[in-house]
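Observations on the model geometry
As a plain string of letters, each chain reads:
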Amino acid sequence: MNLESVLRFTEFLLILSLLQKSIEFIWLETSRRRERAMPHFYDCFHIDNENEVHNLALWKRLIQKNYLSLLWVFVFLCILQIFVPSFILSFSLLIAYFLILQRWQGLFNGGSDYMTVVALVGVMIARWPSDDVIYEKVGLVYIAIQAVLSYFIAGWVKIRRKEWIDGKALRHFVSDSPFSVPKRLRDFVRHRPISLLLGWAVLFFELTFPLALISEPTLIGYVFFAIIFHLVIWWMFGLNRFVFSWMVTYPSLFYLSFLVRQV
Amino acid sequence: MEIALKLFGIVVSWFQNLRVFLPRWSFFDFAAPELVLKSRYRSPTDLGEWEQVIHHPQRSVRSLFFNPLGNVQLRLHTLVEQLVLELEVSNESALLQSECFRALERLCLMHFRSRFQTGDIQFQVSLLEEGKEDILVRSNWSSL
């Protein structure tokens, strides 16, 4: 397996995911500045009250004031990273992403931000200025291990809860969710046998995910179901950023699987 | 003592800022009751009903690639969840001063400002369980 190709593909998917996020952020900020009439959009993270602005740390004040410029710099860095990937650029992207998140009080979309930072750190390690390929290997393995952990831990935490064992959890998240779950989906999951079956399917998929690494066909199957899984989560709860953030990790999973099979 | 407390505050604040570097891989694990942020206004002549402030947009195929408003609403929802976690470790008066609550209060302020441009209007914020009447947290009345 060509290490450089895997790294380039990971970088390419990461940049696509970062650009997708940037476009959303830029649209939100320009809309706020133009005071475009949007139902139910009130930017409570932008502090304009003089007393509150005064209480903000200087660096947070600077971010708020220069947020749009920061976003454009971020886009520029993303484009540069596609053409001339380097350690400095990936480090700058990581810092810029961290600063962007401060505008939203630390995290914007929880898990998707975690995975984006994991991928940025992994790429940064891989691009360490050295001729030794060990850095590329460590960077990709780091991303892959975090991806495996993300599924396994999510399953492990769920299986310890009674409501996931008896199938009530899925029904609860779909029926009582405030996230405008589509009615057809809501009605479908409301039936107890279906919620029990789907709940256990989720548990099985997440808990057995580490086994995906044992062979390439198994991994292809798991990655296929992972994509379907994230698409369903998006359809249920609107978590679109998760789809792209997790997709970034899939090439590195193939690389880790390759290493596992060689041992 | 005061300096120690201030330093502690700075450390906690930095830890919160840096938490994005410490991934937490648990999603939808705890089927807790859904909490709803509601707000109401009062004017010299009228007392409004409690109304929901955070509304999630309907899904469309386009929202797979472009969902800025939906993502902001998700962020607001996690702010409400964060408030509930803070409620478990602090009392109500400390909670009302928290950064998290102030952001949600600003949200309600904007919500009513978009409706009432002028006049002697006050608003109040509350947090309650979906489908229940018991209010978990209720702020004092604030002016627009």
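Above this note sits the structure.
Below is a summary of the structure that appears in this document.

About the thresholds
Residues numbered from 1 in each chain as written. Chains lettered and ligands numbered in written order. Predicted model: local features only at pLDDT ≥ 70, side-chain atom pairs only at ≥ 80, totals over all residues. Heavy atoms only, no water. Helix = DSSP H or I, 4+ residues; strand = E, 2+ residues; numbered from the N terminus. Buried < 20%, exposed > 50% of the residue type's maximum accessible area, 1.4 Å probe, protein only. Contact = heavy atoms within 4.5 Å. Areas by Shrake-Rupley, 256 points an atom, 1.4 Å probe, with all protein chains shown as cover. Lys, Arg positive; Asp, Glu negative; His and termini not counted. Charge placed at Lys NZ, Arg CZ, Asp CG, Glu CD. Core = buried A, V, L, I, M, F, W, Y, C linked by side-chain atoms within 4.5 Å. Phe/Tyr/Trp six-rings, centres within 6.5 Å; stacked < 30°, edge-to-face > 60°. Pairing = 2+ DSSP bridges. Buried area = accessible area lost by both parts, 1.4 Å probe. Salt bridge = Lys/Arg side-chain N within 4 Å of Asp/Glu carboxyl O. Polar contact = N/O pair within 3.5 Å; in protein donor to acceptor, adjacent residues only side chain to side chain. Nonpolar A, V, L, I, M, F, W, Y, C, P; charged D, E, K, R; others polar.

1. Quick word on the overall build of chain A
Helix and strand content of chain A: 14 helices and zero strands. For chain A, the N- to C-terminal ordering of α and β elements is α-α-α-α-α-α-α-α-α-α-α-α-α-α. Judged by the C-alpha coordinates and their principal axes, chain A covers about 55 × 55 × 25 Å. Expressed as a percentage of the 263 residues in chain A, the buried residues total 55%. A sequence separation of at least 24 residues applies to 72% of the contacts in chain A between residues at least 6 apart. Total accessible area on chain A is roughly 12,000 Å²; 70% of this is exposed by carbon and sulfur atoms. Both charge centroids of chain A, one from 25 positive and one from 19 negative side chains, sit 7 Å from each other.

2. Re the side chain of Gln146 of chain A
Of note, Gln146 of chain A is situated in helix α7 (residues 134-159). According to the relative accessible area criterion, Gln146 of chain A is buried, its value standing at 13%.

3. Quick word on the nonpolar core
With 106 residues, the main nonpolar core has Leu18 and Leu253 of chain A together with Leu37 of chain B as its most contacted residues. Setting aside anything within four residues of it in sequence, one finds Leu253 of chain A in contact with Ala144, Ala147, Val148, Phe209, Leu213, Leu219 and Val223 of chain A. Leu3, Leu7, Ala126 and Tyr255 of chain A belong to the second-largest nonpolar core, a separate cluster that totals six residues.

4. Comments concerning the packing of aromatic side chains
Summed over the entire model, instances satisfying the criterion amount to 34 aromatic pairs over all chains. Taken together, a centroid distance of 6.2 Å and an interplanar angle of 35° make the contact between Trp128 of chain A and Tyr135 of chain A tilted. For Trp128 of chain A, a relative accessible area of 40% puts it in the partly exposed group. The class of Tyr135 of chain A is partly exposed, set by a relative accessible area of 30%. Plain terms: the ring middles of Tyr151 of chain A and Phe205 of chain A are 5.5 Å apart, the flat faces sit at 75° to each other, and that makes the pair edge-to-face. Of this pair, Tyr151 of chain A sits in helix α7 while Phe205 of chain A sits in helix α11 (residues 192-207), and the two are 54 residues apart along the sequence. Each member of the aromatic cluster is reached from another via a ring pair, and the members are Tyr114, Phe242 and Trp246 of chain A together with Trp25 and Phe27 of chain B.

5. Concerning the pairing of strand β5 (residues 135-138) of chain B
Residues and elements named next belong to chain B. Both strand β4 (residues 122-129) and β5 contribute to a ladder of three bridges, which runs antiparallel. Across the sheet, residue Leu128 finds its bridge partner in β5, namely Ile135. The antiparallel hairpin formed by β4 and β5 contains five residues in its connecting segment, where Gly131 sits at a positive phi of about 80°.

6. Observations concerning the interface of chain A and chain B
Contacts between the two partners involve 65 residues from chain A and, on the opposite side, 50 residues from chain B. Together chain A and chain B conceal approximately 5,500 Å² of surface at their shared face, both sides included; 66% is due to carbon and sulfur atoms. Our enumeration of links across chain A and chain B arrives at zero salt bridges. Across the chain A-chain B interface, the total number found is 17 residue pairs in polar contact (both at pLDDT 80 or more). With seven residues, α7 of chain A is the largest single contributor of residues to the side of chain A that touches chain B. Of the residues belonging to the side of chain A that touches chain B, the class tally is 41 nonpolar, 14 polar and 10 charged.

7. Things to note about the pattern of salt bridges
Summed over all chains, the structure comprises 13 salt bridges over all chains. For the salt bridge of Lys158 of chain A with Glu206 of chain A, the shortest nitrogen-to-oxygen distance reads 2.9 Å. Taken together, the residues Lys158 of chain A in helix α7 and Glu206 of chain A in helix α11 connect sequence positions 48 residues apart. Taken individually, Lys158 of chain A and Glu206 of chain A each receive the classification buried, so the pair is uniform in this respect. Taking the shortest distance from any N to any O, the salt bridge between Glu51 of chain B and Arg115 of chain B comes out at 2.4 Å. Within this pair, whereas Glu51 of chain B is found in strand β3 (residues 51-52), its partner Arg115 of chain B is found in the loop between α4 (99-113) and β4, the two being separated by 64 residues in sequence. Residues joined by salt bridges that share partners form a network here, namely Glu4, Arg8, Glu11 and Arg127 of chain A.

8. Here's the deal with the environment of Gln122 of chain B
Residue and element names in this part refer to chain B. By the element assignment, Gln122 lies in strand β4. It is 27 Å that separates the C-alpha atoms of Gln122 and Leu74, two residues lying 48 residues apart in sequence. Setting aside chain neighbours within four positions, we find Gln122 in contact with Arg40, Tyr41, Arg42, Trp141, Ser142 and Ser143.

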